Amino acid sequence: MKKRSLLSITLAGVIGFGGTFAFTGGASATPLSDLKDQQSQVASELSNINSSLAKKENKLADLTNQLNNMQAEVEKLEGKIDTTNVKIKDKEKEIAKTEAEIDKLKKEIEELKKKIEKRSELLKERARSIQQNGGSVDYIDVLLGAESFSDFVDRVSAVTTIVSADKEIMEEQQRDKDALEEKQAKVEKNLEKLNGMLKELEGLKADLNSQKAQKNQAMKNVKAEQANISDEKKSLEAEIAQLNAKQLEIQGAISNEESRIAEEARKAEEARKIAAEARVKETSNSEESSATSNSNSNSGSSSSSDSSSNSSSNSSSNSSSKPKASSQGTSKVTTTYHEPSAPVGNTPAVSSGMFTRPAAGAFTSGFGARWGTMHNGVDIAAGKGTPIVAAASGTVEVSTFGSPGNWGGYGNVIIINHGNGYKTLYGHMSSRSVSPGAKVSKGQVIGAMGNTGDVVAGSGGDGTHLHFEIFKNGSRVNPAPYIGL
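Criteria and thresholds
Residues numbered from 1 in each chain as written. Predicted model: local features only at pLDDT ≥ 70, side-chain atom pairs only at ≥ 80, totals over all residues. Heavy atoms only, no water. Helix = DSSP H or I, 4+ residues; strand = E, 2+ residues; numbered from the N terminus. Buried < 20%, exposed > 50% of the residue type's maximum accessible area, 1.4 Å probe, protein only. Contact = heavy atoms within 4.5 Å. Salt bridge = Lys/Arg side-chain N within 4 Å of Asp/Glu carboxyl O. Pairing = 2+ DSSP bridges. Phe/Tyr/Trp six-rings, centres within 6.5 Å; stacked < 30°, edge-to-face > 60°. Core = buried A, V, L, I, M, F, W, Y, C linked by side-chain atoms within 4.5 Å. Patch = residues over 30% accessible without salt bridge, like charges linked within 9 Å, V, L, I, M, F, W, Y side chains within 5 Å. Areas by Shrake-Rupley, 256 points an atom, 1.4 Å probe, with all protein chains shown as cover.

Colleague: Tell me about the overall build of the protein, residues and numbers included.
Modeller: When helices and strands are counted, the protein shows seven helices and twelve strands. Within the span of the protein, comprising 485 residues, buried residues form 29% of the whole. Pairs at least 24 apart in sequence give 69% of the contacts found in the protein among residues at least 6 apart.

This is how it looks when you write it as C-alpha coordinates:
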(Lines give C-alpha, C1' and ligand atoms only; values in the text may rest on other atoms or scores of the structure.)
Protein backbone atom coordinates (compact mmCIF):
# COMPACT_ATOMS: atom_id res chain seq x y z
CA MET A 1 0.00 0.00 0.00
CA LYS A 2 2.92 2.35 0.68
CA LYS A 3 4.19 1.77 -2.85
CA ARG A 4 0.77 2.60 -4.27
CA SER A 5 0.71 5.86 -2.32
CA LEU A 6 4.12 6.85 -3.70
CA LEU A 7 2.95 6.06 -7.23
CA SER A 8 -0.20 8.14 -6.74
CA ILE A 9 1.82 11.08 -5.40
CA THR A 10 4.22 10.84 -8.35
CA LEU A 11 1.32 10.68 -10.78
CA ALA A 12 -0.31 13.73 -9.21
CA GLY A 13 2.99 15.59 -9.52
CA VAL A 14 3.34 14.69 -13.18
CA ILE A 15 -0.25 15.71 -13.93
CA GLY A 16 0.16 18.94 -12.00
CA PHE A 17 3.42 19.65 -13.82
CA GLY A 18 1.77 18.85 -17.16
CA GLY A 19 -0.97 21.37 -16.35
CA THR A 20 1.53 24.15 -16.95
CA PHE A 21 1.18 23.73 -20.69
CA ALA A 22 -2.51 22.79 -21.02
CA PHE A 23 -5.05 25.51 -21.97
CA THR A 24 -2.66 28.45 -21.44
CA GLY A 25 -4.47 30.63 -23.97
CA GLY A 26 -2.36 33.56 -25.00
CA ALA A 27 0.47 32.78 -22.60
CA SER A 28 3.90 31.95 -23.91
CA ALA A 29 4.43 28.35 -24.95
CA THR A 30 6.33 25.84 -22.83
CA PRO A 31 9.86 25.26 -24.22
CA LEU A 32 10.15 22.15 -26.35
CA SER A 33 12.88 20.71 -24.13
CA ASP A 34 10.61 20.98 -21.05
CA LEU A 35 7.80 19.20 -22.89
CA LYS A 36 10.13 16.38 -23.87
CA ASP A 37 11.35 16.12 -20.26
CA GLN A 38 7.71 15.81 -19.14
CA GLN A 39 7.13 13.17 -21.80
CA SER A 40 10.14 11.21 -20.50
CA GLN A 41 8.85 11.45 -16.90
CA VAL A 42 5.39 10.21 -17.88
CA ALA A 43 6.94 7.33 -19.86
CA SER A 44 9.01 6.38 -16.79
CA GLU A 45 5.92 6.47 -14.55
CA LEU A 46 4.02 4.36 -17.07
CA SER A 47 6.82 1.80 -17.05
CA ASN A 48 6.82 1.63 -13.23
CA ILE A 49 3.04 1.35 -12.95
CA ASN A 50 2.87 -1.26 -15.73
CA SER A 51 5.47 -3.27 -13.79
CA SER A 52 3.35 -3.00 -10.63
CA LEU A 53 0.26 -3.96 -12.61
CA ALA A 54 2.02 -7.07 -13.95
CA LYS A 55 2.90 -8.09 -10.37
CA LYS A 56 -0.71 -7.60 -9.29
CA GLU A 57 -1.91 -9.72 -12.21
CA ASN A 58 0.57 -12.48 -11.28
CA LYS A 59 -0.62 -12.32 -7.66
CA LEU A 60 -4.23 -12.57 -8.83
CA ALA A 61 -3.32 -15.60 -10.93
CA ASP A 62 -1.66 -17.24 -7.88
CA LEU A 63 -4.73 -16.52 -5.72
CA THR A 64 -6.99 -17.94 -8.41
CA ASN A 65 -4.91 -21.14 -8.44
CA GLN A 66 -5.10 -21.31 -4.64
CA LEU A 67 -8.84 -20.83 -4.78
CA ASN A 68 -9.20 -23.56 -7.39
CA ASN A 69 -7.10 -25.95 -5.27
CA MET A 70 -9.17 -25.16 -2.19
CA GLN A 71 -12.34 -25.71 -4.16
CA ALA A 72 -11.03 -29.13 -5.22
CA GLU A 73 -10.23 -29.93 -1.58
CA VAL A 74 -13.70 -28.84 -0.54
CA GLU A 75 -15.20 -31.12 -3.19
CA LYS A 76 -13.13 -34.04 -1.82
CA LEU A 77 -14.24 -33.15 1.69
CA GLU A 78 -17.85 -33.09 0.58
CA GLY A 79 -17.34 -36.59 -0.83
CA LYS A 80 -16.01 -37.75 2.55
CA ILE A 81 -18.93 -36.01 4.22
CA ASP A 82 -21.35 -37.95 2.06
CA THR A 83 -19.58 -41.22 2.93
CA THR A 84 -19.62 -40.31 6.63
CA ASN A 85 -23.32 -39.51 6.46
CA VAL A 86 -23.95 -42.98 5.04
CA LYS A 87 -21.97 -44.51 7.89
CA ILE A 88 -23.85 -42.40 10.40
CA LYS A 89 -27.16 -43.67 9.03
CA ASP A 90 -25.90 -47.26 9.25
CA LYS A 91 -24.88 -46.75 12.86
CA GLU A 92 -28.19 -45.15 13.64
CA LYS A 93 -29.85 -48.31 12.27
CA GLU A 94 -27.57 -50.47 14.42
CA ILE A 95 -28.39 -48.35 17.47
CA ALA A 96 -32.09 -48.74 16.76
CA LYS A 97 -31.64 -52.51 16.43
CA THR A 98 -29.63 -52.66 19.67
CA GLU A 99 -32.26 -50.67 21.49
CA ALA A 100 -34.86 -53.16 20.23
CA GLU A 101 -32.75 -56.05 21.59
CA ILE A 102 -32.41 -54.26 24.91
CA ASP A 103 -36.19 -53.93 25.10
CA LYS A 104 -36.54 -57.66 24.35
CA LEU A 105 -33.96 -58.55 27.01
CA LYS A 106 -35.78 -56.42 29.51
CA LYS A 107 -38.98 -58.38 28.84
CA GLU A 108 -37.15 -61.75 29.15
CA ILE A 109 -35.59 -60.61 32.40
CA GLU A 110 -39.01 -59.71 33.72
CA GLU A 111 -40.36 -63.20 32.82
CA LEU A 112 -37.32 -64.86 34.37
CA LYS A 113 -37.84 -62.89 37.55
CA LYS A 114 -41.42 -64.13 37.68
CA LYS A 115 -40.32 -67.81 37.30
CA ILE A 116 -37.70 -67.46 40.02
CA GLU A 117 -40.26 -65.88 42.26
CA LYS A 118 -42.67 -68.82 41.71
CA ARG A 119 -39.96 -71.41 42.46
CA SER A 120 -38.98 -69.55 45.54
CA GLU A 121 -42.60 -69.73 46.71
CA LEU A 122 -42.66 -73.50 46.06
CA LEU A 123 -39.54 -74.11 48.09
CA LYS A 124 -40.86 -71.92 50.84
CA GLU A 125 -44.11 -73.92 50.85
CA ARG A 126 -42.24 -77.24 51.14
CA ALA A 127 -40.20 -75.85 53.98
CA ARG A 128 -43.36 -74.78 55.80
CA SER A 129 -44.88 -78.26 55.30
CA ILE A 130 -41.82 -79.94 56.79
CA GLN A 131 -41.88 -77.51 59.68
CA GLN A 132 -45.58 -78.20 60.36
CA ASN A 133 -44.95 -81.99 60.34
CA GLY A 134 -42.41 -81.83 63.07
CA GLY A 135 -39.20 -80.73 61.66
CA SER A 136 -37.04 -82.18 58.92
CA VAL A 137 -37.80 -85.48 57.28
CA ASP A 138 -35.42 -88.36 58.18
CA TYR A 139 -35.22 -90.37 54.97
CA ILE A 140 -33.47 -93.31 56.81
CA ASP A 141 -36.41 -93.72 59.14
CA VAL A 142 -38.70 -93.77 56.16
CA LEU A 143 -36.69 -96.56 54.57
CA LEU A 144 -36.35 -98.62 57.83
CA GLY A 145 -40.03 -98.40 58.42
CA ALA A 146 -40.74 -100.51 55.36
CA GLU A 147 -42.94 -103.58 56.10
CA SER A 148 -41.70 -105.62 53.16
CA PHE A 149 -39.08 -105.59 50.50
CA SER A 150 -41.41 -104.26 47.92
CA ASP A 151 -42.49 -101.54 50.36
CA PHE A 152 -38.80 -100.75 50.86
CA VAL A 153 -38.27 -100.49 47.10
CA ASP A 154 -41.25 -98.20 46.84
CA ARG A 155 -39.97 -96.12 49.74
CA VAL A 156 -36.48 -95.82 48.13
CA SER A 157 -38.03 -94.79 44.82
CA ALA A 158 -40.19 -92.18 46.53
CA VAL A 159 -37.29 -90.77 48.51
CA THR A 160 -35.14 -90.70 45.37
CA THR A 161 -37.89 -88.88 43.48
CA ILE A 162 -38.31 -86.33 46.24
CA VAL A 163 -34.60 -85.72 46.51
CA SER A 164 -34.17 -85.50 42.73
CA ALA A 165 -37.04 -83.05 42.46
CA ASP A 166 -35.62 -80.84 45.11
CA LYS A 167 -32.21 -81.07 43.49
CA GLU A 168 -33.59 -80.23 40.04
CA ILE A 169 -35.48 -77.29 41.46
CA MET A 170 -32.32 -76.03 43.09
CA GLU A 171 -30.24 -76.55 39.91
CA GLU A 172 -32.86 -74.85 37.73
CA GLN A 173 -32.94 -72.00 40.20
CA GLN A 174 -29.15 -71.71 39.85
CA ARG A 175 -29.29 -71.86 36.07
CA ASP A 176 -31.95 -69.21 35.96
CA LYS A 177 -29.89 -67.04 38.24
CA ASP A 178 -26.83 -67.51 36.00
CA ALA A 179 -28.91 -66.73 32.88
CA LEU A 180 -30.23 -63.61 34.54
CA GLU A 181 -26.72 -62.47 35.37
CA GLU A 182 -25.53 -63.27 31.80
CA LYS A 183 -28.42 -61.37 30.24
CA GLN A 184 -27.78 -58.46 32.58
CA ALA A 185 -24.10 -58.43 31.53
CA LYS A 186 -25.14 -58.58 27.86
CA VAL A 187 -27.51 -55.65 28.33
CA GLU A 188 -24.79 -53.67 30.06
CA LYS A 189 -22.35 -54.51 27.25
CA ASN A 190 -24.87 -53.48 24.60
CA LEU A 191 -25.51 -50.27 26.50
CA GLU A 192 -21.77 -49.62 26.63
CA LYS A 193 -21.50 -50.31 22.89
CA LEU A 194 -24.39 -47.96 22.25
CA ASN A 195 -22.69 -45.22 24.25
CA GLY A 196 -19.51 -45.81 22.26
CA MET A 197 -21.41 -45.49 19.01
CA LEU A 198 -22.99 -42.28 20.18
CA LYS A 199 -19.61 -40.82 21.11
CA GLU A 200 -18.13 -41.87 17.76
CA LEU A 201 -21.08 -40.29 15.98
CA GLU A 202 -20.59 -37.07 17.92
CA GLY A 203 -16.86 -37.11 17.12
CA LEU A 204 -17.54 -37.56 13.41
CA LYS A 205 -19.97 -34.67 13.39
CA ALA A 206 -17.58 -32.43 15.32
CA ASP A 207 -14.71 -33.27 12.96
CA LEU A 208 -16.93 -32.63 9.95
CA ASN A 209 -18.04 -29.24 11.25
CA SER A 210 -14.44 -28.28 12.07
CA GLN A 211 -13.18 -29.17 8.59
CA LYS A 212 -16.00 -27.29 6.90
CA ALA A 213 -15.41 -24.20 9.06
CA GLN A 214 -11.66 -24.21 8.33
CA LYS A 215 -12.15 -24.58 4.58
CA ASN A 216 -14.84 -21.92 4.45
CA GLN A 217 -12.66 -19.48 6.41
CA ALA A 218 -9.66 -20.18 4.19
CA MET A 219 -11.70 -19.59 1.04
CA LYS A 220 -13.17 -16.42 2.56
CA ASN A 221 -9.66 -15.10 3.29
CA VAL A 222 -8.45 -15.85 -0.24
CA LYS A 223 -11.50 -14.17 -1.78
CA ALA A 224 -10.98 -11.09 0.41
CA GLU A 225 -7.33 -10.87 -0.66
CA GLN A 226 -8.42 -11.40 -4.26
CA ALA A 227 -10.89 -8.50 -3.96
CA ASN A 228 -8.18 -6.23 -2.49
CA ILE A 229 -5.75 -7.08 -5.29
CA SER A 230 -8.51 -6.46 -7.87
CA ASP A 231 -9.18 -3.02 -6.36
CA GLU A 232 -5.48 -2.19 -6.46
CA LYS A 233 -5.33 -3.42 -10.07
CA LYS A 234 -8.24 -1.12 -11.01
CA SER A 235 -6.48 1.82 -9.34
CA LEU A 236 -3.31 1.09 -11.30
CA GLU A 237 -5.30 0.79 -14.53
CA ALA A 238 -6.94 4.16 -13.81
CA GLU A 239 -3.51 5.71 -13.22
CA ILE A 240 -2.29 4.18 -16.49
CA ALA A 241 -5.28 5.65 -18.32
CA GLN A 242 -4.54 9.08 -16.84
CA LEU A 243 -0.89 8.83 -17.77
CA ASN A 244 -1.78 7.70 -21.30
CA ALA A 245 -4.07 10.72 -21.63
CA LYS A 246 -1.33 12.96 -20.28
CA GLN A 247 1.14 11.40 -22.70
CA LEU A 248 -1.19 12.17 -25.61
CA GLU A 249 -1.62 15.72 -24.32
CA ILE A 250 2.14 16.20 -24.06
CA GLN A 251 2.64 14.75 -27.53
CA GLY A 252 0.02 17.17 -28.84
CA ALA A 253 1.76 20.04 -27.07
CA ILE A 254 5.09 18.96 -28.57
CA SER A 255 3.53 18.89 -32.03
CA ASN A 256 1.96 22.31 -31.44
CA GLU A 257 5.24 23.75 -30.20
CA GLU A 258 7.10 22.35 -33.20
CA SER A 259 4.41 23.80 -35.48
CA ARG A 260 4.67 27.15 -33.70
CA ILE A 261 8.44 27.20 -34.09
CA ALA A 262 8.10 26.30 -37.77
CA GLU A 263 5.41 28.96 -38.24
CA GLU A 264 7.57 31.62 -36.59
CA ALA A 265 10.44 30.65 -38.87
CA ARG A 266 8.11 30.83 -41.89
CA LYS A 267 6.82 34.25 -40.86
CA ALA A 268 10.35 35.50 -40.27
CA GLU A 269 11.37 34.28 -43.72
CA GLU A 270 8.27 35.89 -45.25
CA ALA A 271 9.01 39.18 -43.49
CA ARG A 272 12.58 39.03 -44.74
CA LYS A 273 11.39 38.53 -48.31
CA ILE A 274 8.85 41.36 -48.03
CA ALA A 275 11.54 43.68 -46.67
CA ALA A 276 13.85 42.74 -49.52
CA GLU A 277 11.11 43.36 -52.10
CA ALA A 278 10.31 46.72 -50.46
CA ARG A 279 13.95 47.74 -50.78
CA VAL A 280 13.94 46.72 -54.44
CA LYS A 281 10.77 48.74 -55.02
CA GLU A 282 12.24 51.77 -53.23
CA THR A 283 15.36 51.58 -55.42
CA SER A 284 13.20 51.28 -58.55
CA ASN A 285 11.09 54.32 -57.59
CA SER A 286 14.25 56.38 -56.99
CA GLU A 287 15.61 55.47 -60.43
CA GLU A 288 12.30 56.36 -62.10
CA SER A 289 12.18 59.71 -60.27
CA SER A 290 15.71 60.51 -61.38
CA ALA A 291 14.93 59.62 -65.00
CA THR A 292 11.82 61.83 -65.02
CA SER A 293 13.78 64.77 -63.61
CA ASN A 294 16.44 64.43 -66.34
CA SER A 295 13.82 64.23 -69.10
CA ASN A 296 12.11 67.47 -67.95
CA SER A 297 15.44 69.29 -67.90
CA ASN A 298 16.28 68.23 -71.46
CA SER A 299 12.87 69.29 -72.74
CA GLY A 300 13.26 72.83 -71.28
CA SER A 301 16.68 73.41 -72.84
CA SER A 302 15.55 72.47 -76.39
CA SER A 303 12.31 74.48 -76.64
CA SER A 304 13.24 75.80 -80.09
CA SER A 305 13.37 72.29 -81.56
CA ASP A 306 10.66 70.76 -83.76
CA SER A 307 7.58 69.58 -81.78
CA SER A 308 7.49 66.25 -83.55
CA SER A 309 11.06 65.64 -82.44
CA ASN A 310 10.15 66.39 -78.79
CA SER A 311 7.20 64.07 -79.01
CA SER A 312 9.37 61.28 -80.36
CA SER A 313 11.93 61.83 -77.63
CA ASN A 314 9.33 61.71 -74.83
CA SER A 315 7.75 58.63 -76.35
CA SER A 316 11.11 56.88 -76.41
CA SER A 317 11.81 57.84 -72.79
CA ASN A 318 8.45 56.49 -71.53
CA SER A 319 8.89 53.31 -73.54
CA SER A 320 12.22 52.56 -71.91
CA SER A 321 10.95 53.11 -68.31
CA LYS A 322 7.92 50.71 -68.39
CA PRO A 323 9.83 47.52 -69.22
CA LYS A 324 12.25 48.31 -66.43
CA ALA A 325 9.52 48.45 -63.77
CA SER A 326 7.94 45.25 -65.10
CA SER A 327 11.20 43.35 -65.02
CA GLN A 328 11.58 44.13 -61.30
CA GLY A 329 8.08 42.64 -60.51
CA THR A 330 6.76 45.76 -58.76
CA SER A 331 3.13 45.47 -59.82
CA LYS A 332 2.90 41.78 -58.88
CA VAL A 333 4.26 42.30 -55.35
CA THR A 334 2.01 45.28 -54.84
CA THR A 335 -1.05 43.39 -55.99
CA THR A 336 -0.36 40.33 -53.84
CA TYR A 337 0.69 42.11 -50.68
CA HIS A 338 -1.99 44.81 -50.67
CA GLU A 339 -4.96 42.76 -51.83
CA PRO A 340 -7.99 44.31 -50.06
CA SER A 341 -9.69 40.98 -49.22
CA ALA A 342 -6.68 39.58 -47.34
CA PRO A 343 -6.79 39.76 -43.48
CA VAL A 344 -4.97 42.71 -41.99
CA GLY A 345 -3.52 43.03 -38.47
CA ASN A 346 -1.65 40.63 -36.17
CA THR A 347 -2.41 36.93 -35.79
CA PRO A 348 -2.61 35.67 -32.19
CA ALA A 349 0.34 33.75 -30.77
CA VAL A 350 -0.11 29.99 -31.09
CA SER A 351 -0.36 28.57 -27.58
CA SER A 352 0.21 25.05 -26.32
CA GLY A 353 -2.63 22.83 -25.19
CA MET A 354 -5.53 21.50 -27.22
CA PHE A 355 -6.74 24.86 -28.63
CA THR A 356 -5.21 28.27 -29.29
CA ARG A 357 -6.96 31.65 -29.33
CA PRO A 358 -8.61 32.09 -32.79
CA ALA A 359 -8.18 35.89 -33.07
CA ALA A 360 -6.61 38.89 -31.42
CA GLY A 361 -8.98 41.42 -29.86
CA ALA A 362 -11.16 42.19 -26.87
CA PHE A 363 -13.35 39.59 -25.17
CA THR A 364 -16.82 41.18 -25.36
CA SER A 365 -19.37 38.46 -24.59
CA GLY A 366 -19.25 35.09 -22.88
CA PHE A 367 -20.99 31.71 -23.05
CA GLY A 368 -24.44 31.49 -21.42
CA ALA A 369 -27.73 33.33 -21.10
CA ARG A 370 -27.78 36.71 -22.86
CA TRP A 371 -30.70 39.02 -23.67
CA GLY A 372 -33.19 36.29 -22.80
CA THR A 373 -31.61 33.67 -25.09
CA MET A 374 -28.65 31.29 -24.99
CA HIS A 375 -25.35 32.61 -26.33
CA ASN A 376 -23.62 29.45 -27.53
CA GLY A 377 -20.08 30.82 -27.83
CA VAL A 378 -17.77 33.73 -27.04
CA ASP A 379 -17.25 37.00 -28.94
CA ILE A 380 -13.85 38.55 -29.71
CA ALA A 381 -13.93 42.06 -31.19
CA ALA A 382 -11.24 43.87 -33.23
CA GLY A 383 -10.93 45.85 -36.45
CA LYS A 384 -12.52 44.63 -39.67
CA GLY A 385 -10.14 42.35 -41.55
CA THR A 386 -8.33 41.12 -38.40
CA PRO A 387 -6.94 37.62 -39.18
CA ILE A 388 -8.85 34.61 -37.86
CA VAL A 389 -6.87 31.39 -37.36
CA ALA A 390 -7.76 27.74 -36.84
CA ALA A 391 -7.91 27.05 -33.09
CA ALA A 392 -6.54 23.54 -33.69
CA SER A 393 -5.50 21.33 -36.58
CA GLY A 394 -8.27 19.55 -38.46
CA THR A 395 -10.42 19.27 -41.59
CA VAL A 396 -12.79 22.00 -42.84
CA GLU A 397 -16.35 20.61 -42.83
CA VAL A 398 -18.29 23.80 -43.63
CA SER A 399 -17.22 26.99 -45.42
CA THR A 400 -20.26 28.94 -46.59
CA PHE A 401 -22.44 32.00 -46.20
CA GLY A 402 -25.21 30.99 -43.83
CA SER A 403 -28.79 30.85 -45.02
CA PRO A 404 -32.08 29.81 -43.35
CA GLY A 405 -31.73 26.14 -42.39
CA ASN A 406 -28.00 26.23 -43.18
CA TRP A 407 -26.22 28.11 -40.40
CA GLY A 408 -28.43 31.15 -41.00
CA GLY A 409 -27.50 34.23 -39.01
CA TYR A 410 -23.79 33.36 -38.88
CA GLY A 411 -22.99 35.12 -42.17
CA ASN A 412 -19.66 33.86 -43.47
CA VAL A 413 -19.15 30.74 -41.33
CA ILE A 414 -16.49 28.02 -41.12
CA ILE A 415 -16.67 24.74 -39.14
CA ILE A 416 -13.54 22.60 -38.56
CA ASN A 417 -13.55 18.96 -37.36
CA HIS A 418 -10.57 18.26 -35.05
CA GLY A 419 -11.33 14.60 -34.29
CA ASN A 420 -11.95 12.97 -30.90
CA GLY A 421 -15.45 14.48 -30.87
CA TYR A 422 -14.28 18.14 -31.07
CA LYS A 423 -15.39 20.77 -33.63
CA THR A 424 -15.04 24.58 -33.76
CA LEU A 425 -17.23 27.24 -35.44
CA TYR A 426 -16.18 30.71 -36.66
CA GLY A 427 -18.99 33.18 -37.53
CA HIS A 428 -19.66 36.70 -38.92
CA MET A 429 -16.40 36.64 -40.94
CA SER A 430 -15.84 39.26 -43.65
CA SER A 431 -14.06 36.69 -45.85
CA ARG A 432 -13.15 32.99 -45.92
CA SER A 433 -9.86 31.64 -47.25
CA VAL A 434 -10.37 27.86 -46.92
CA SER A 435 -12.80 25.49 -48.64
CA PRO A 436 -14.63 22.35 -47.40
CA GLY A 437 -12.32 19.34 -47.24
CA ALA A 438 -9.19 21.44 -46.75
CA LYS A 439 -6.65 20.33 -44.12
CA VAL A 440 -5.68 23.17 -41.80
CA SER A 441 -3.03 23.38 -39.10
CA LYS A 442 -3.27 25.04 -35.72
CA GLY A 443 -2.72 28.81 -36.07
CA GLN A 444 -3.28 28.83 -39.85
CA VAL A 445 -5.22 31.86 -41.15
CA ILE A 446 -8.68 30.79 -42.38
CA GLY A 447 -10.39 34.17 -42.87
CA ALA A 448 -10.91 37.72 -41.64
CA MET A 449 -13.07 39.31 -38.95
CA GLY A 450 -16.27 41.04 -40.09
CA ASN A 451 -19.93 41.73 -39.33
CA THR A 452 -21.80 39.48 -41.79
CA GLY A 453 -25.01 37.75 -40.77
CA ASP A 454 -27.04 38.77 -37.74
CA VAL A 455 -24.87 41.10 -35.64
CA VAL A 456 -25.66 43.87 -33.18
CA ALA A 457 -24.03 47.28 -33.69
CA GLY A 458 -23.90 49.82 -30.91
CA SER A 459 -21.95 52.64 -29.27
CA GLY A 460 -20.90 53.91 -32.69
CA GLY A 461 -19.52 50.47 -33.70
CA ASP A 462 -20.51 48.39 -36.71
CA GLY A 463 -20.71 45.05 -34.83
CA THR A 464 -17.44 43.66 -36.23
CA HIS A 465 -16.36 40.63 -34.17
CA LEU A 466 -15.68 36.88 -34.27
CA HIS A 467 -18.34 34.56 -32.83
CA PHE A 468 -16.45 31.37 -31.74
CA GLU A 469 -17.98 28.06 -30.61
CA ILE A 470 -16.63 24.67 -29.50
CA PHE A 471 -18.59 21.42 -29.88
CA LYS A 472 -17.72 18.34 -27.77
CA ASN A 473 -19.42 15.11 -28.87
CA GLY A 474 -22.15 17.15 -30.59
CA SER A 475 -22.88 19.49 -27.66
CA ARG A 476 -21.74 23.10 -27.32
CA VAL A 477 -19.40 23.79 -24.41
CA ASN A 478 -17.96 27.00 -22.96
CA PRO A 479 -14.92 27.86 -25.13
CA ALA A 480 -13.35 30.25 -22.58
CA PRO A 481 -11.37 27.63 -20.56
CA TYR A 482 -10.12 26.01 -23.76
CA ILE A 483 -8.61 29.21 -25.23
CA GLY A 484 -7.49 30.91 -22.03
CA LEU A 485 -10.16 33.65 -21.77
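Colleague: Describe in detail the pattern of salt bridges, supporting the description with residues and values.
Modeller: Here the structure, examined in full by the defined rule, presents 13 salt bridges. With its nearest N and O atoms 3.0 Å apart, the salt bridge here joins Glu-249 to Lys-246. A residue pair is termed a helical-turn pair when its members lie 3 or 4 positions apart in one helix, as Glu-249 and Lys-246 do in helix H4 (residues 149–301) at three residues. In this structure Glu-249 comes out as partly exposed when scored by relative accessible area, which is 25%. Relative accessible area serves as the criterion here: at 8%, Lys-246 is assigned to the buried category. Linking Glu-397 and Lys-423 is a salt bridge whose minimum nitrogen-to-oxygen distance equals 3.1 Å. Here Lys-423 lies in strand S8 (residues 422–432) and Glu-397 lies in strand S6 (residues 394–401), a separation of 26 residues in the sequence. A relative accessible area of 29% places Lys-423 in the partly exposed class. Several salt bridges share partner residues, and in doing so they unite Glu-257, Arg-260 and Glu-264 into one network.

Colleague: Can you tell me about unusual backbone geometry, naming the residues and giving the values?
Modeller: Most of the time, phi is negative for any residue but glycine, and the peptide bond is trans. Positive phi values are uncommon outside glycine, yet Trp-407 reaches one of about 60°. For Trp-407, a relative accessible area of 29% gives the class partly exposed. In this model, His-428 sits at a positive phi of 70°, which is unusual for a non-glycine residue. Tracing the chain through its elements places His-428 in strand S8. For His-428, a relative accessible area of 7% corresponds to the buried category.

Colleague: Explain the pairing of S6 to me, using residue names and the numbers behind them.
Modeller: Note: S6 against strand S9 (residues 439–440), two bridges, orientation antiparallel. Following the sheet pairing, Thr-395 is matched in S9 by Lys-439. Pairing of S6 with strand S7 (residues 412–419), which is carried by six bridges, proceeds in the antiparallel orientation. Among the inter-strand pairings, Val-398 is bridged to a residue of S7, identified as Ile-415.

Colleague: For the packing of aromatic side chains, give the residues involved together with the corresponding values.
Modeller: Under the definition given, this model contains five aromatic pairs. Between the aromatic rings of Phe-355 and Tyr-482, the centroid separation amounts to 5.7 Å while the plane-to-plane angle is 75°, which identifies the pairing as edge-to-face. Placement of Phe-355 in the loop between helix H6 (330–337) and strand S1 (362–365) and of Tyr-482 in helix H7 (residues 480–483) is noted, with a sequence separation of 127 residues between them. Measuring from ring centre to ring centre gives 5.3 Å for Tyr-426 and Phe-468, while their planes differ by 55°; the resulting arrangement is tilted. On the criterion of sequence distance, the pair formed by Tyr-426 in strand S8 and Phe-468 in strand S11 (residues 466–472) is long-range, its members being 42 residues apart. One aromatic cluster is present, formed by Phe-355, Tyr-422 and Tyr-482 through successive ring pairs.

Colleague: Explain the environment of Asn-68 to me, using residue names and the numbers behind them.
Modeller: Relative to the elements of secondary structure, Asn-68 occurs in helix H2 (residues 32–132). Taking relative accessible area as the criterion, Asn-68 reaches 46% and is therefore assigned partly exposed. Along the backbone, Asn-68 and Met-219 are 151 residues apart, and their C-alpha atoms lie at a distance of 9.7 Å.

Colleague: Give a description of the nonpolar core that names residues and reports values.
Modeller: Counting residues in hydrophobic clusters, the biggest one holds 23 residues, and the most contacted among them are Phe-355, Ile-388, Ile-414, Ile-416, Tyr-426, Ile-446 and Phe-468. Contributions of two or more residues to this core are made by S7, S8, strand S10 (445–449), S11 and H7. If we ignore the near neighbours within four places in the chain, the residues touching Ile-416 are Ala-390, Gly-394, Thr-395, Val-396, Glu-397, Tyr-422, Lys-423, Thr-424, Tyr-426, Val-440 and Ile-446.

Colleague: Now, about the pairing of S11: what can you tell me, with residues and values included?
Modeller: Counting buried positions along S11 gives six out of seven residues, so the element sits mostly inside the fold. For strand S4 (residues 378–381) and S11, the ladder comprises three bridges, and the chain directions are antiparallel. Paired with Ile-380 across the strands is Leu-466, a residue of S11. Two elements, S8 and S11, share six bridges in a ladder whose sense is antiparallel. In the sheet register, Tyr-422 faces S11, and the bridge partner there is Lys-472. Note that S11 and strand S12 (residues 475–477) share three bridges and pair antiparallel. Bridge assignment links Phe-471 to a residue of S12, and that residue is Arg-476. Here S11 hands over to S12 after two residues, with Asn-473 in that stretch at a positive phi of 55°.

Colleague: Go over a nonpolar patch on the surface, please, and point to the residues and values.
Modeller: Taken together, the side chains of Phe-149, Phe-152 and Val-153 present a nonpolar region at the surface, about 300 Å² in accessible area. Topologically, Phe-149 is positioned in helix H4. The exposure class assigned to Phe-149 is exposed, which follows from its relative accessible area of 66%.

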